[in-house]
Amino acid sequence: MATAGAAISDDARELDLELDDVGKTFAGPAGDVVALSGISLSARRGELISVLGPSGCGKTTILRLIAGLEAPTSGIIRVQGRALQQDRRPETSDLGVVFQEARLLPWFDIEENVALPLRLRGVGREQRLDKARKLLTLVGLEGFERVMPDHLSGGMKQRAAIARALIVEPRLLLLDEPFGALDAMTRDLMNVELQRIRQAMACTTLLITHSIAEAVFLGDRVLAMTPRPGRIAKVFDVPFPHPRDLDLQSTAEFQALVKDLRRLMTGWHK
């Protein structure tokens, strides 16, 4: 890979995300803790990469590094071919982030919550609310624009959080276990809905998850991580075409891939 200051190659222009030998070490009272070591990955335009691993392996740390919430100890992160540390500008961020908790502001109604990123950028009220309403329709919340967050179910709150992340029209969408707190039936529904929303928005996506079935169902590739210090143990290609429906999870091919991933991950605990 090219160095941070080098010209962007044609191949690099096809990539929305690159991590090149990225490591992260945290200072602790008992000494340094190596959270990540030698992480290299890339995501092409429109691809969904699932990052799967045991608790504490550094999955969320990867997302926080890409989002600029933490700085890597070593290595380079590139978004759209340019080094993150050099070129990120908050006012022109090409990222959308959704966390496990929706983190909606309780004093704003739903359309104001979704429009908040544009409000912070100085976009006029009518323009930002019009865009928020269109996105609420996209995520299935038409008719709930003026509802307050505490009147929504968990799944509806996450739909609003996804709409808020999409309102800046991100090239790269980062999802940190966004459906982890939902019941199984709602989670399945949201997985199907996420496919539809991504198809409409055409954004590259990095999904952090601890669910093997979710990683396979949504991902074009699955990156299986080792326990801490987190490394990428193996990359699994997911051969199923999009869009995928829930019946896919009952097929022998799907179950075989899930079994291979489970065998790899449970082997670390023997």
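Our structure is the block above this text.
Residues numbered from 1 in each chain as written. Predicted model: local features only at pLDDT ≥ 70, side-chain atom pairs only at ≥ 80, totals over all residues. Heavy atoms only, no water.

Trainee: In this structure, what is going on with helix H6 (residues 154–166)? I would like to understand it.
Mentor: An α-helix turns once per 3.6 residues; consequently, residues spaced three or four apart project the same way. If you check H6, its first and last C-alpha atoms are 19 Å apart, about what 13 residues at 1.5 Å a residue would give, namely 18 Å. The buried count for H6 comes to 11 of 13 residues, which makes it a mostly enclosed element. Listed as buried for H6 are Gly155, Met156, Gln158, Arg159, Ala160, Ala161, Ile162, Ala163, Arg164, Ala165 and Leu166. The inward-facing, buried residues of H6 abut strand E6 (95–98), helix H4 (110–120), helix H5 (125–138), strand E7 (172–176) and helix H7 (184–201). (Helix = DSSP H or I, 4+ residues; strand = E, 2+ residues; numbered from the N terminus. Expected span 1.5 Å × (residues − 1). Buried < 20%, exposed > 50% of the residue type's maximum accessible area, 1.4 Å probe, protein only. Contact = heavy atoms within 4.5 Å.)

Trainee: Would you mind showing me how to read the pattern of salt bridges here?
Mentor: Two side chains bearing opposite charge may form a pair once their charged atoms approach each other closely. This model, assessed by the stated rule, comprises 16 salt bridges. Measuring nitrogen to oxygen at the nearest pair gives 3.9 Å for the salt bridge that ties lysine 24 to glutamate 70. On the criterion of sequence distance, the pair formed by lysine 24 in strand E1 (residues 15–28) and glutamate 70 in the loop between helix H2 (59–67) and strand E4 (74–79) is long-range, its members being 46 residues apart. Take glutamate 70: its relative accessible area is 24%, and that puts it in the partly exposed class. Across the pair glutamate 214 and arginine 187 runs a salt bridge, and its minimum N-O distance is 2.9 Å. Separated by 27 residues along the polypeptide, glutamate 214 in helix H8 (residues 212–218) and arginine 187 in helix H7 bring together distant segments of the chain. The exposure class of glutamate 214 is buried, given its relative accessible area of 2%. Here the salt bridges do not stand alone but share partners, grouping Asp109, Glu111, Arg133 and Arg146 into one network. (Salt bridge = Lys/Arg side-chain N within 4 Å of Asp/Glu carboxyl O.)

Trainee: Please clarify how unusual backbone geometry should be interpreted in this entry.
Mentor: Generally, phi is negative for residues other than glycine and the peptide bonds are trans, each holding for most cases. With an omega dihedral of 0°, the bond running from arginine 228 to proline 229 counts as a cis peptide bond. Along the chain, proline 229 turns up in the loop between strand E9 (221–225) and strand E10 (232–237). In the segment running from histidine 242 into proline 243, the intervening peptide bond is cis, with an omega of -5°. Positionally, proline 243 belongs in the loop between E10 and helix H9 (252–266). With phi around 55°, glutamate 169 is a residue other than glycine that occupies positive phi space. Overall, the relative accessible area of 55% leaves glutamate 169 in the exposed class.

Trainee: I would appreciate a short explanation of the sheet that holds E4 in the present structure.
Mentor: Paired through backbone hydrogen bonds, the strands of a sheet run either parallel or antiparallel to each other. Spatially, 4 strands are ordered E2-E1-E4-E5 in an open sheet, and the strand pairing comes out antiparallel. Both outer strands of the open sheet, strand E2 (31–44) and strand E5 (82–83), are each paired with one neighbouring strand and no more. By the bridge criterion, 5 bridges tie E1 to E4 in an arrangement that is antiparallel. The residue of E4 that forms the bridge with leucine 17 is valine 79. Packed onto the sheet, H2 meets E1, E2 and E4 and runs at close to 115° relative to E1. (Pairing = 2+ DSSP bridges. Axes fitted to C-alpha atoms, helices over the stretch in contact; angles between N-to-C directions.)

Trainee: Could you clarify how one ought to interpret the environment of aspartate 220 in this entry?
Mentor: Looking at the element boundaries, aspartate 220 is found in the loop between H8 and E9. Other than its neighbours up to four places away in sequence, aspartate 220 contacts Gly46, Glu47, Leu48, Phe236, Asp237, Val238, His242 and Arg244. There is a polar contact of 2.8 Å between the side chain of aspartate 220 and the backbone nitrogen of leucine 48. Among the polar contacts made by the side chain of aspartate 220, one reaches the side chain of histidine 242 at a distance of 2.9 Å. (Polar contact = N/O pair within 3.5 Å; in protein donor to acceptor, adjacent residues only side chain to side chain.)

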